[in-house]
Amino acid sequence: MFALNKTTGVVLSAAILAAIALVALGAAKLPPPAVELDLAVNERFEFMPARLVCKAGAPVHLRVTHRMPARGPDLPHTTVLLRRGTDVDGFGNAVLGARAEDNYVPPAFRAQVLAASSLVHSGGQVQVDFQAPSVPGDYPIVCSFPGHCLLGMKAVLVVE
Amino acid sequence: MKTPSRGFPFTSRSHVSLVFTGFAVIAAFILSTAPRTANGSASPYVVVRTDTQESVTRQVTRLNTGESATVVVTQKEKAFLPTVIEIRVGQAVEILNEDNTLHNAYCVSGDFKYNSGPQQPGTKSSLTFTTAGSYEVRCAIHPKMRLAVTVIP
């Protein structure tokens, strides 16, 4: 059979341990599996549901569906994910002066935006892909269309 | 023998007819010039359709004389008309959608919050301010639509 001398045995053991350590480290760095989330918006300036949950660092595919019929009047919305602790009321006031070409995100709050959809029109659907924040906590979701946030169009992404 | 003079060439019966005719003409004139709503019916409200300084002044004058009429603001061609009003605390403001598109009216100021919700063509909403101050009513669908409201005690 195999005959190993002492030196070879030590080297082999070290190599096996190193390999195990590398695999363990690699596994620890793997991101959580991707998650698909659905959010609906409507004519009552609501997000439904008002609370979404995902794992920290997970790739998120967020589908936003406008519940109003496409053939009816249009009431556009956006979906904007903000950093934890963002002054949401301040954001709601600031968007009153925001421009359409900026997706109604006021310049003063641009750094607070983690992800944002384009406008979703009545009967339409948009998807926002982003990586969930690595720090657990509650992250505000708002509509940046002027007035909607002030009227309570808010939700929260709970990162676990 | 001299026939008694009848004066102006009408009998007393024709005098009565003339007076009634006069009243009828005046009544018709008043009715024809009364304020009307979008569907043409007579309205007891003050309807202001222009955005001139004159219309604002007229409203203030009416308020100062103690009238408490509802002020009607229209939403037409994606604008509030008038764009500036002055009202008293407690006086109702009716917002009438005379456009052929969906509108909204909202106002958020401190603790005061009003939202008409989606306002279909031909419908109206009403809001009342309970505190004096300056407010801005907007449309949550058309961001450029703005109505400046000054509420006086």
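The following refers to the structure shown.

The rules behind the values
- Each residue is numbered by its place in its chain's sequence as written, counting from 1.
- Here the convention is simple: chains get letters from A, ligands get numbers from 1, in the order in which they are written.
- Whole-chain, interface and lining totals are the exception, using all residues; otherwise, since this is a predicted model, local features are given only for residues with pLDDT of at least 70 and side-chain atom pairs are given and counted only at 80 or more.
- In DSSP terms, a helix is any run of H or I states spanning at least four residues, a strand is any run of E spanning at least two, and both are numbered starting from the N terminus.
- Only strands that DSSP links by at least two bridges are regarded as paired with each other.
- Where helices are involved, their axes are fitted lines through C-alpha atoms of the stretch in contact, as for all axes, and angles between N-to-C directions lie from 0 to 180°.

Quick look at unusual backbone geometry
Omega for the bond connecting A:Met48 with A:Pro49 falls within 30 degrees of zero, at 0°, which places this linkage in the cis form. On the secondary structure map, A:Pro49 appears in the loop between β2 (47-48) and β3 (51-54). Here the bond from B:Leu81 into B:Pro82 is cis, since omega is 0°, no more than 30 degrees from zero. Along the chain, B:Pro82 turns up in the loop between β3 (80-81) and β4 (84-88). One non-glycine residue, B:Lys78, adopts positive backbone phi at about 55°. You can see B:Lys78 is positioned in the loop between β2 (71-75) and β3.

Points about the sheet that holds β3(A)
Residues and elements named next belong to chain A. Pairing is mixed across the open sheet formed by five strands, whose spatial order is β3-β9-β8-β5-β6. Since the sheet does not close on itself, it has two edges, and those belong to β3 and β6 (113-116), each with one partner. Between one strand and the next, the sheet's axes are offset by a mean angle of 25°, whatever the strand orientation. Judged from the six bridges that link them, strand β8 (residues 137-142) and strand β9 (residues 154-159) form a sheet pairing that is antiparallel. In the sheet register, Pro140 faces β9, and the bridge partner there is Val156.

Functional significance is not addressed by these values, which are geometric in nature.
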